[in-house]
Amino acid sequence: MRVLLVGAGGVGTAITRIAARRPFFESMVVADYDLGRAEAAVAALGGDARFRAERIDANDRAAVAALLERHSCDVLLNATDPRFVMPLFRAARTARATYVDMAMSLSRPHPERPYEECGVKLGDSQFEEAEDWEEAGVLALVGMGVEPGLSDVFARHAADELFDEIEEIGVRDGANLTVDGHDFAPSFNIWTTIEECLNPPVVYEEGRGWFTTEPFSEPEVFDFPEGIGPVECVNVEHEEVLLVPRWVGARRVTFKYGLGEEFIATLKTLHLLGLDRTEPVTVPSAAGPVQVSPRDVVAACLPDPATLGERMHGKTCAGTWVRGVKDGKPREVYLYHVVDNQWSMKEYGSQAVVWQTAVNPVVALELLAGGAWSGAGVLGPEAFPARPFLDLLTAYGSPWGMREQ
């Protein structure tokens, strides 16, 4: 397997550090718009000859396809933010390379009833091209991070081995992470965080299909394992709700984030001031008027999440709560994966949230390389058997858990 990794930020760098310990691939080209960032990620690997750095504009579909062909890469792993999903997705299709991402194509709210009906859903642009991928015999594995990704694998595992009937699948994400010296310092890409938290959340119900609610709706307190404890969670737009019902039978699917009152208040303020907008506005500068995106300005003013590891403390938990029936009796479980920041920093030099996101696509690549996972078309993690993934994740030294509720 020869991999083109596009994006050498926090998650991309963590991917290289995890992959460097595994023998399943022949080479990995680490490409980024900032060549210095790609070179730094490669240099940190201590001379592993399988890795090399390149510069690439992720928005330049032709250049990405040419880079895939120049290095004979048979896989494109997308570690950029969702703005670049479609050009990278299409570049991989042009080069007939397997495509893997961790976040799907962007949504657009319904123009008239944004908090009732879906407009363009997450992933719609990719699924519209699924027939072309299938006819070409090429695979696009979409949403293969932690959430979406591992959470979807948990849903498939529950359906295959734990339940006869499923009433509800609810992804629940929470943490007790703190950052020394910062009153507000998101542990993940703020551009993506704003996108998913302020867009209308999507809920799935059997018989009704997909519909939307208002941001931060249906608050509940969920008790997270391994010392994290109770955290208030709210509805947030996320890919699992769009992926799970395509392959797993459930009467209801939701996604709720443990954000906390302060974080929610900050996001609401950004929205009130228009600082969540992506459309450029004109601002004065020493060189004259310039066009800038307010959301990009917010991101530039905050610390890079990848640099916060030394000042972070605590754990992050990603998991899937499932309620249903097994052998005629009610059952409720929480399947989860916890990463302690102290452990991930000591073992990999990567903070917990980016490491937890990064490990899952590497596990998926190894399964694809070995043939345990295979397919064609645009497929989510639910389309593949869960057990090989969960066993290999444990072999990576990061076991998952299950709690009977």
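First, a word on what this report is: a plain description of the structure on this page. (Residues numbered from 1 in each chain as written. Predicted model: local features only at pLDDT ≥ 70, side-chain atom pairs only at ≥ 80, totals over all residues. Heavy atoms only, no water.)

On to the sheet that holds strand β5 (residues 98-101), then. Sheet strands line up and pair through hydrogen bonds in the backbone, either parallel or antiparallel. Strand order in this open sheet of seven strands is β3-β2-β1-β4-β5-β6-β19, and the pairing throughout is parallel. Whereas interior strands pair on both sides, the edge strands pair on one side only; in this sheet they are β3 (51-55) and β19 (377-379). Going across the sheet, the axis of each strand differs from the next one's by a mean of 20°, ignoring polarity. Taken strand by strand, helix α2 (residues 35-43) contacts β2 (27-32) and β3, and its axis lies near 175° from that of β3. (Pairing = 2+ DSSP bridges. Helix = DSSP H or I, 4+ residues; strand = E, 2+ residues; numbered from the N terminus. Axes fitted to C-alpha atoms, helices over the stretch in contact; angles between N-to-C directions. Contact = heavy atoms within 4.5 Å.)

A separate point is the packing of aromatic side chains. By the definition in use, this model includes 17 aromatic pairs. Ring centres 4.9 Å apart and planes at 90° place the aromatic pair Trp343 and Trp355 in the edge-to-face group. Of the two residues, Trp343 is situated in helix α12 (residues 341-348) and Trp355 in helix α13 (residues 352-370); the sequence distance between them amounts to 12 residues. The class of Trp355 is buried, set by a relative accessible area of 1%. The ring of Tyr348 carries Arg21 above its face, with NZ or CZ at 3.9 Å from the centroid. (Phe/Tyr/Trp six-rings, centres within 6.5 Å; stacked < 30°, edge-to-face > 60°. Buried < 20%, exposed > 50% of the residue type's maximum accessible area, 1.4 Å probe, protein only. Lys NZ or Arg CZ within 6 Å of the ring centre and 35° of its normal.)

Core analysis: the biggest nonpolar cluster contains 87 residues, and Ile15, Val30, Leu141, Ile169, Leu259, Trp373 and Phe389 have the highest contact counts within it. Non-local contacts of Ile169, meaning those with residues more than four positions away in its chain, are made with Ala155, Val244, Val248, Ala250, Arg252, Val253, Thr254, Thr320, Trp321 and Val322. Ala31, Val85, Ala92 and Ala95 belong to the second largest nonpolar core, which has 31 residues in total. (Core = buried A, V, L, I, M, F, W, Y, C linked by side-chain atoms within 4.5 Å.)

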